[in-house]
There are 2 protein chains.
Amino acid sequence: MSHFIAEPKQGVPFVSVQAMAKLINTLGIENVLVSLTKTLKHDFARWHEFDKSPRYAAHSPDGVIELMPVSDGKMFSCKYVNGHPKNTFKELQTVAAFGILSDVDSGYPAMISEMCLLTALRTAATSALVATYLAPKNSTTLTLIGNGAQSEFQALAFKAVLGITHIRLYDIDEAASQKAFNNLNNKGLTVTICESVEEAIKGAHIITTCTADKTNATILTNDMIPQGVHINAIGGDCPGKTELDSALLERANVFVEYEPQTRVEGEIQQMSRCFAVTEFHKVINKQHLGRTSEKELTIFDGVGFASEDFSALVYIREQLIKSGEYEILDLITQQGDPRNLFSVLEIPHKDKENAA
Amino acid sequence: MSHFIAEPKQGVPFVSVQAMAKLINTLGIENVLVSLTKTLKHDFARWHEFDKSPRYAAHSPDGVIELMPVSDGKMFSCKYVNGHPKNTFKELQTVAAFGILSDVDSGYPAMISEMCLLTALRTAATSALVATYLAPKNSTTLTLIGNGAQSEFQALAFKAVLGITHIRLYDIDEAASQKAFNNLNNKGLTVTICESVEEAIKGAHIITTCTADKTNATILTNDMIPQGVHINAIGGDCPGKTELDSALLERANVFVEYEPQTRVEGEIQQMSRCFAVTEFHKVINKQHLGRTSEKELTIFDGVGFASEDFSALVYIREQLIKSGEYEILDLITQQGDPRNLFSVLEIPHKDKENAA
């Protein structure tokens, strides 16, 4: 039962939004991002141990609901996540995610956690991890095209993991850039709001594209981008949604997380099935060189893979173990004789137990 | 937003084990089973409206973890459920399930619920619903082979929905039969513990097989079973697990929930791919006659399908609306500007809100 925090019979440890925010603030967001990057690296290095499948996606006119299960044979994780761009008009989140981590030996849930914040952290940490292998050496300037919910997490991950000092912001909605600027104020970064994509990418070593349109857009065209930069393209993450000019992909050395999923969801959905890409775990495991020269254009076509959520949930579970502070959900029946499920109806009702 | 109980921004309604037990006891378990049967019938009748897929299953040496997603285009549901027969040796449940119901338009979770009790209820209600179409007329005697967690729920569903008066129990472990006997005492049924399968099926109109072995067993052999009975075979529900003699299936008119899933998991995994079966929704929708004579042997090869969990979750949600009593989980971030996720980290932490 070493996979458990509490004994499974005591209930399911639960990490609410408030608890997650408190945990991140207590540890310090940059420390969390650095630690997450290490956990992600550890898990990408043992890529072959994961039972992988493309995510399950239920598409509807306004969005998508996805399930992202994965297992390493000891633990199983699954993230529930939606993507509904029009939710912003209702003042709802475009992404409302939560995750479960469970013990493969017993099948019991070992933790349920919010994953709105955690997904933002793991996406930023994955981007930063990939960039440590693919970005030009001594990168100092990061351009963020699209300044929505992910942008501050990107900026801080690149600062903490790669030593980025300058952030250049661009969004078609200036209010989004101003929001990011305000949030990044006093975080030890030099932040500039730009008025066009062309202006924003001036002097950039790394360019993150993370826009919200659910269409095939061309945020970056081929002629805009000089050789030598690293593009972290994370906004195109579902069928029919891309951000990059196909000519740019042709010129570049393109890296992906899990090829079967990225072929359907990523920038490379524009390309033929034989367009060559490299799965990132091969770079970590030295089966592929990664960036080979300062003149090379590299692209990370990141769509988000289930193993990254697994890594993030495992990391959070470790923090719960260290702190000993967590809520418990009364989610699984606890009668002494497993065959006597019916007895649960006959036990006097007591108040929900909380471990604090 | 009519799909929601609370406004989605207020958090996710949560039904704990204790809350579910209280709800069932308040409404009365037989009333719940009858109502669930009606909801199931309504949803089987609109079978074509559901976006269906076989469940996702992660198998391990000791069990399986499954995800069962389904959507009718308005609501989406997914059940997390394991099956670990050896858990009984650790005093853990063999099945530890929970479910989510969400709103397709926004992707937001509209309810999270325990599904240990709820799965038992929906399985029993599905069995009873199917039997109203397939069991011989005026059935009064139900035999339960395998007296584990599901048995009392079966007995009460068949009593409430079909008017069954006599229950005959058999289990290889007599303690299980004694447990079921004790639980069914004073429930208005005549209950008999039997010492063999042969004794138990004497005079039975309906035979439910629900044993726990994860092997290809032959609980019922061909020679044991007279014509005219209805077999409700619900224990064989994963690859490599069956309960019936293949000769019995050859003789019978066999009904299933969702053929692509049952071919892999059900009794019919023993049979060739061209062995004829009928999906049950066709009987409800009068596209198939169901039982055609008193001499016919009918078999329901029930493995449990995602739409049944959907029906059960929708039913529970309706009860929450009526009662107005439910907990709220702080699972989704609630900042005013969806793009300002980062601000969640800067809001002073307040205690978890509860609506009671």
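Residues numbered from 1 in each chain as written. Chains lettered and ligands numbered in written order. Predicted model: local features only at pLDDT ≥ 70, side-chain atom pairs only at ≥ 80, totals over all residues. Heavy atoms only, no water.

Draft legend 1. Inspection of the side chain of Thr-262 of chain A at higher detail. All names here are of chain A. Mapped onto the elements of the fold, Thr-262 is located in helix H8 (residues 259-265). Taking relative accessible area as the criterion, Thr-262 reaches 0% and is therefore assigned buried. Here Thr-262 is in contact with Val-256, Glu-257, Ile-268, Gln-269, Asp-301 and Val-303, once residues within four sequence places are set aside. (Helix = DSSP H or I, 4+ residues; strand = E, 2+ residues; numbered from the N terminus. Buried < 20%, exposed > 50% of the residue type's maximum accessible area, 1.4 Å probe, protein only. Contact = heavy atoms within 4.5 Å.)

Draft legend 2. View of the confidence of the model for chain A. Overall, the prediction assigns chain A a mean pLDDT of 92, with 94% of residues at 70 or greater. A low-confidence stretch, residues 349-356 of chain A stays under pLDDT 50, and its non-local contacts, those more than four residues away or across chains, total 19 contacts. (pLDDT = per-residue confidence, 0-100.)

Draft legend 3. Representation of empty space enclosed by the protein within the structure. Evaluation of the coordinates by the stated rule reveals one cavity of 30 Å³ or more. Each pocket or cavity is described by its volume, and for the largest cavity that value is around 110 Å³. Every residue lining the largest cavity is counted, 13 residues in all, and those nearest its centre are Leu-67 and Phe-98 of chain A together with Cys-78, Phe-98 and Ile-100 of chain B. When residues of the lining of the largest cavity are traced back to their parent elements, those giving at least two are strand S4 (75-83) and strand S5 (98-103) of chain A together with strand S4 (75-83) and strand S5 (98-103) of chain B. (1 Å grid on protein atoms, 1.4 Å probe; cavity = no way out; pocket = protein on both sides within 12 Å on 5 of 7 lines; lining within 4 Å. Points joined across faces, edges and corners; volume = space filled by probe spheres on them.)

Draft legend 4. A look at the sheet that holds strand S9 (residues 190-193) of chain B. Residue and element names in this part refer to chain B. If you walk across this open sheet you meet the eight strands as S9-S8-S7-S10-S12-S16-S14-S15, and the pairing is parallel. The two strands at the open ends of the sheet, each matched to only one other strand, are S9 and strand S15 (278-279). As defined by bridge partners, strand S14 (residues 253-256) adjoins strand S16 (residues 298-301) across three bridges and the pair is classed as parallel. Paired with Phe-255 across the two strands is Phe-300, which belongs to S16. Along the sheet, helix H3 (residues 116-134) makes contact with strand S10 (206-209), strand S12 (230-233), S14 and S16, crossing S12 at roughly 160°. Against the sheet, helix H5 (residues 174-184) engages strand S8 (166-170) and S9, with an angle of about 165° to S9. (Pairing = 2+ DSSP bridges. Axes fitted to C-alpha atoms, helices over the stretch in contact; angles between N-to-C directions.)

Draft legend 5. Main features of the relation of the copies chain B and chain A. Each copy of the sequence occupies a distinct position, and chain B is placed on chain A by a rotation of 180° and an axial shift of 0.0 Å, giving an RMSD of 0.0 Å. Both copies of the chain, as the preceding transformation shows, are related through a two-fold rotation axis. An overlap of 100% is found between the interface residues of chain B and their copies at the interface of chain A, pointing to a shared contact surface. (Least-squares fit on C-alpha atoms with pLDDT ≥ 70 in both.)

Draft legend 6. Molecular detail of the interface of chain B and chain A. Contact residues are listed per partner, giving 83 residues for chain B and 83 residues for chain A. Buried area between chain B and chain A, summed over both chains or domains, comes out near 7,300 Å², and the portion from carbon and sulfur atoms is 65%. The largest share of the area that chain B buries against chain A comes from Arg-339, Phe-342 and Leu-345 of chain B, three residues that together contribute 11% of it. Linking chain B with chain A are four salt bridges. In this structure, the salt-bridge partner of Arg-339 of chain A is Asp-173 of chain B, at a minimum N-O distance of 2.6 Å. Inspection of the chain B/chain A interface yields 38 residue pairs in polar contact (both at pLDDT 80 or more). The dominant element in the side of chain B that touches chain A, judged by the number of residues it contributes, is helix H1 (residues 17-27) of chain B, at six residues. (Buried area = accessible area lost by both parts, 1.4 Å probe. Salt bridge = Lys/Arg side-chain N within 4 Å of Asp/Glu carboxyl O. Polar contact = N/O pair within 3.5 Å; in protein donor to acceptor, adjacent residues only side chain to side chain.)

Draft legend 7. Representation of the pattern of salt bridges. In the structure shown here, the tally under the stated rule is 28 salt bridges over all chains. In this structure, Lys-179 of chain A and Glu-152 of chain A form a salt bridge, with 3.0 Å as the shortest nitrogen-oxygen distance. Note that Lys-179 of chain A is positioned in helix H5 (residues 174-184) and Glu-152 of chain A in helix H4 (residues 151-162), a separation of 27 residues in sequence. With a relative accessible area of 8%, Lys-179 of chain A lands in the buried category. The salt bridge involving Lys-79 of chain B is made with Asp-309 of chain B; its shortest N-O contact spans 3.0 Å. Of the two residues, Lys-79 of chain B is situated in strand S4 and Asp-309 of chain B in helix H10 (residues 306-323); the sequence distance between them amounts to 230 residues. Both residues of the pair, Lys-79 of chain B and Asp-309 of chain B, belong to the buried class. Residues joined in a network through salt bridges with shared partners are Asp-43, Arg-46, Glu-49 and Asp-72 of chain A.

Draft legend 8. Spatial organisation of the domain arrangement of chain A. Residues and elements named next belong to chain A. In terms of domain boundaries, chain A breaks down into domain 1 (8-117 + 307-345) and domain 2 (135-305). With centres defined by C-alpha atoms, the gap from domain 1 to domain 2 works out at 26 Å. At the junction of the two partners, domain 1 supplies 25 residues and domain 2 supplies 24 residues. Surface buried jointly by domain 1 and domain 2 totals about 2,100 Å² across both partners, of which 64% is contributed by carbon and sulfur atoms. The largest contributions to the domain 1 side of the interface with domain 2 come from Glu-30, Trp-47 and Arg-55, which together make up 28% of the buried area. At the junction of domain 1 and domain 2, the tally comes to one salt bridge. The interface formed by domain 1 and domain 2 contains five residue pairs in polar contact (both at pLDDT 80 or more). For the side of domain 1 that touches domain 2, the secondary-structure elements that each account for two or more residues are helix H2 (29-45), strand S2 (56-60), strand S3 (63-71) and helix H10 (306-323). Residue composition of the side of domain 1 that touches domain 2, by class: eleven nonpolar, six polar and eight charged. (Domains from an automatic or database assignment. Nonpolar A, V, L, I, M, F, W, Y, C, P; charged D, E, K, R; others polar.)

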